[in-house]
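Single-letter residue listing:
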Amino acid sequence: MDNVIDGKKISEEIRSELKQSIKYEMLKPSIAVIQVGDNEASNTYVKMKEKACDEVGIYFRHFKFEEGESELSIINKIKELNNDEYVNGVIIQLPLPDGYNEKRLVNTIINSKDVDGLTDINTGRLVSGRKTLVPCTAAAVIELLKRSNVEISGKHVVLVGRGKLTCRPLIQLFLNEDATVTVCHSKTKDLGYVTRHADILVTAVGINNIITSDMVKDGAVVIDVGINYETGKISGDVDFDNVSKKASLITKTPGGVGPMTVTMLLKNTVYCYLNRKK
Ligand code: NAP
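A brief report on the enclosed structure follows.

## Digging into the pairing of strand β7 (residues 200-203)
Covered by surrounding structure in β7 are Ile200 and Val202 together with Leu201 and Thr203, the residues of both alternating faces. Pairing between strand β5 (residues 156-160) and β7: 4 bridges, direction parallel. Bridge assignment links leucine 159 to a residue of β7, and that residue is valine 202.

Quick look at the structure:
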């Protein structure tokens, strides 16, 4: 199908660009990932990040704490990494086990190394329209649209979801691009009525097939961020087989936004390296 936005291919293009500039400009970016506990999904995500870093030439460090480790010792590690001139990006692998104060830990990361774009200061900068580090999945959505030559200015964007990793930052990012933005969530009445008005529809809910073809306007661009496992295989929020017949462009899950999210983490890390205090 030629209306599918191939996130894997676009991601490979960006990784190749990053690899070239790291090699030929002799950059030495590095990232540190802090993980607490042994959550299976987190182990997989950390491995994916490590593999992607290796692929482009970003030095990867992994600090894994046992569940039950005191918050203070994790905070001390973050502070040590904040002060380490050879570390350019610091992330805390989420979700944390119960009992840890996520906000406190994330906000211990110095803003200039916050490659996940999640500290309160970086969130505030984004909302006030200043240049800042942007959460990777939200950045991935914008990058996919731009690299697919989708005009955003003047378009009506409907976001389904208001989570802090994707849709909240996307509100500002789309406004920055002069789109008109509508946000839907679990209390939205008649979701289909709203989504049918979208020129660009972005969904980050986590419910298989919540978006069906009758909820999509002919010719709309559809970006599916959702990841669901309940059917035994990975699927998104969108009924792809039917919606793809109406959409002018559409992402597929897997192979859409997912690979791009890690790629934007790599991009943010190189950005932090280039903007580090000399
Ligand atoms: P989240 O913070 O829990 O947000 C989910 C949103 O969906 C909430 O705003 C919720 O509304 C809304 N929602 C729930 N039921 C709804 C309904 N019936 N109608 C309309 N909206 C509804 O989750 P998230 O972190 O944003 O993640 C969302 C999905 O994206 C998950 O499947 C996750 O795995 C996936 N994801 C994928 C990537 C990637 O790289 N591809 C990255 C991050 C997340 P309320 O606010 O009212 O509760």
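## A closer look at the sheet that holds strand β2 (residues 30-36)
One open sheet holds the 3 strands; their spatial order is β3-β2-β4, and the pairing between them is parallel. Lying at the two open borders of the sheet, with one neighbouring strand each, are β3 (59-65) and β4 (89-92). Strand-to-strand twist across the sheet, computed as the mean angle between neighbouring axes with direction ignored, equals 15°. Pairing of β2 with β3 involves 7 bridges; the strand directions are parallel. Counted as the bridge partner of valine 33 is histidine 62 from β3. Running at roughly 180° to β2, helix α3 (residues 71-83) makes contact with β2, β3 and β4 of the sheet.

## Looking at the site of the ligand
Around the ligand, the surrounding shell holds 20 residues, and the nearest of these are Arg162, Ser186, Val225, Ile227 and Thr261. Contacts to the ligand include histidine 185, whose backbone N or O atom sits 3.5 Å from a nitrogen atom. Valine 225 is positioned such that a nitrogen or oxygen atom in its backbone is 3.3 Å from a nitrogen atom of the ligand. The fraction of the free accessible surface of the ligand (920 Å²) that becomes covered by protein chains is 69%.

## Examining helix α2 (residues 40-56)
Its 17 residues place the ends of α2 25 Å apart at the C-alpha level, agreeing with the 24 Å of an ideal helix rising 1.5 Å per residue. Every buried residue of α2 is listed here: Ser42, Asn43, Val46, Lys49, Ala52, Cys53 and Val56. Its buried side turned inward, α2 meets α1 (7-24), β2, β3, β4 and α10 (257-274). Two to three positions downstream of the cap, the backbone nitrogen of alanine 41 sits 2.9 Å from a side-chain oxygen, assigning the N-cap of α2 to asparagine 39. Immediately downstream of α2, the backbone of glycine 57 shows phi near 100°, a positive value.

Calculation criteria
Counting from 1, residues in each chain are numbered in the order their sequence is written. Only residues with pLDDT of at least 70 are given local features in this predicted model, and only at 80 or more are side-chain atom pairs given and counted; all residues enter the totals for whole chains, interfaces and linings. Hydrogens are left out, water is left out, and the side-chain values use all remaining heavy atoms of the structure. Each residue's exposure class comes from its accessible area (1.4 Å probe, protein chains only) as a fraction of the maximum for that residue type: buried when under 20%, exposed when over 50%, partly exposed otherwise. Helix and strand assignments come from DSSP, with helices taken as H or I runs of at least 4 residues and strands as E runs of at least 2, each series counted from the N terminus. Two strands are counted as paired when DSSP detects at least two bridges linking them. Angles run from 0 to 180 degrees between N-to-C directions of axes, and those axes are lines fitted to C-alpha atoms, restricted for helices to the stretch in contact. Any pair of residues with heavy atoms lying within 4.5 Å of one another is described as a contacting pair. Residue proximity to a molecule or strand is established when one non-hydrogen atom of the residue lies within 4 Å of it. Polar contact is defined as a pair of N or O atoms within 3.5 Å, subject to the rule that within protein one atom must be able to donate a hydrogen and the other to accept it, and that residues adjacent in sequence are counted only when both atoms are side-chain atoms. Under the convention used here, a 1.4 Å probe and the Shrake-Rupley method define accessible areas, while residue burial counts only the protein chains that appear. To estimate how far a helix should extend, the number of its residues minus one is multiplied by 1.5 Å.

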